[in-house]
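Listed here are the chains, written in short residue letters.
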Amino acid sequence: MTLTEPAAARPLTARDPRLAPWRAFLLAHARVSRRLDEELRAEHDLSFAEYDALLTIAQAPERRIRMGLLAEEVLLSKSGVTRLIDRLVHDGLVERSACLADARGAEAVLTSRGLDRLRAASQTHLRGISEHFLAVMDDVSLETLERSMTAVARQAGPGQGDPGACVTDIADLPTPIAD
């Protein structure tokens, strides 16, 4: 085997040491996600899933997105995203609207209140990323991880989002649209 041969070229078994990075990834993702969720709930009464949905809607053109596309972006089923949006509508953070391009479809539209809540929660979220993720990574590790995870995402198939084009800071979003 050469150093450039992909790890997948050899058959995988349940005790294969190559599974260690996969298990470490799953463990790190679960723990960091749980911590981010706990912090967002404690400080802003928002779950991580709700924050992610608000951010996804805020990043969409005109701060509106079709429900099916939102489900893809936040990795929930269509029924799961419907329940999530129901909670956000109840809280006045999102409105449901007929799709501008196709009245048969529904869109989630971010309200001014939702944008304000997202901006406030973004400070907690970014602090959490800094404390639970960036604090243990040096620049070389970050570059390697980004390159590796981008390759994994590409190998897994097409998706709506591109990791290189992701807005991570709510301050990078356009100014609020007029109500």
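Residues numbered from 1 in each chain as written. Predicted model: local features only at pLDDT ≥ 70, side-chain atom pairs only at ≥ 80, totals over all residues. Heavy atoms only, no water.

Participant: Explain the overall build of the chain to me, and be specific about the residues and the numbers.
Facilitator: A count of helical and extended segments in the chain gives six helices and three strands. Starting at the N terminus and walking to the C terminus, you meet the elements of the chain as α-α-β-α-α-β-β-α-α. Among the 179 residues that make up the chain, the fraction classed as buried is 29%. If you take every contact in the chain between residues at least 6 apart in sequence, the share linking residues at least 24 apart comes to 55%. On the chain, roughly 11,800 Å² of surface is accessible, and the fraction owed to carbon and sulfur atoms is 57%. (Helix = DSSP H or I, 4+ residues; strand = E, 2+ residues; numbered from the N terminus. Buried < 20%, exposed > 50% of the residue type's maximum accessible area, 1.4 Å probe, protein only. Contact = heavy atoms within 4.5 Å. Areas by Shrake-Rupley, 256 points an atom, 1.4 Å probe, with all protein chains shown as cover.)

Participant: An account of helix H1 (residues 19-44) is requested, with residue identities and associated values reported.
Facilitator: For an α-helix, 3.6 residues make a turn, and residues three or four places apart therefore share a direction. Helix length check: H1, at 26 residues, gives a terminal C-alpha distance of 37 Å against a target of 38 Å (1.5 Å per residue), a fit within 8%. Listing the buried residues of H1 in full gives Leu 19, Ser 33, Leu 36, Asp 37, Glu 39, Leu 40 and His 44. The inward-facing, buried residues of H1 abut helix H2 (48-59) and helix H5 (112-132). (Expected span 1.5 Å × (residues − 1).)

Participant: Kindly report on a negative patch on the surface, identifying the contributing residues and their values.
Facilitator: The grouping of Asp 138, Asp 139, Glu 143 and Glu 146 at the surface amounts to a negative patch. Relative to the assigned elements, Asp 138 resides in the loop between H5 and helix H6 (139-156). (Patch = residues over 30% accessible without salt bridge, like charges linked within 9 Å, V, L, I, M, F, W, Y side chains within 5 Å. Salt bridge = Lys/Arg side-chain N within 4 Å of Asp/Glu carboxyl O. Lys, Arg positive; Asp, Glu negative; His and termini not counted. Charge placed at Lys NZ, Arg CZ, Asp CG, Glu CD.)

Participant: Explain helix H4 (residues 78-90) to me, using residue names and the numbers behind them.
Facilitator: If you check H4, its first and last C-alpha atoms are 18 Å apart, about what 13 residues at 1.5 Å a residue would give, namely 18 Å. Of the residues flanking the end of H4, it is Gly 92, one or two places downstream, whose phi is positive at about 75 degrees.

Participant: So what about the pairing of strand S3 (residues 106-110)? Which residues, and what values?
Facilitator: Of all five residues in S3, four are buried; the element is thus mostly enclosed. Here three bridges tie strand S1 (residues 64-66) to S3, and the two strands are oriented antiparallel to one another. Following the sheet pairing, Arg 64 is matched in S3 by Val 109. Two elements, strand S2 (residues 94-98) and S3, share five bridges in a ladder whose sense is antiparallel. (Pairing = 2+ DSSP bridges.)

Participant: Account for the environment of Gly 68, naming residues and giving values.
Facilitator: Residue placement: Gly 68 occurs in helix H3 (residues 67-73). By relative accessible area, Gly 68 is classed as partly exposed at 29%. In this structure the C-alpha to C-alpha distance between Gly 68 and Glu 107, which are 39 residues apart in sequence, comes to 8.6 Å.

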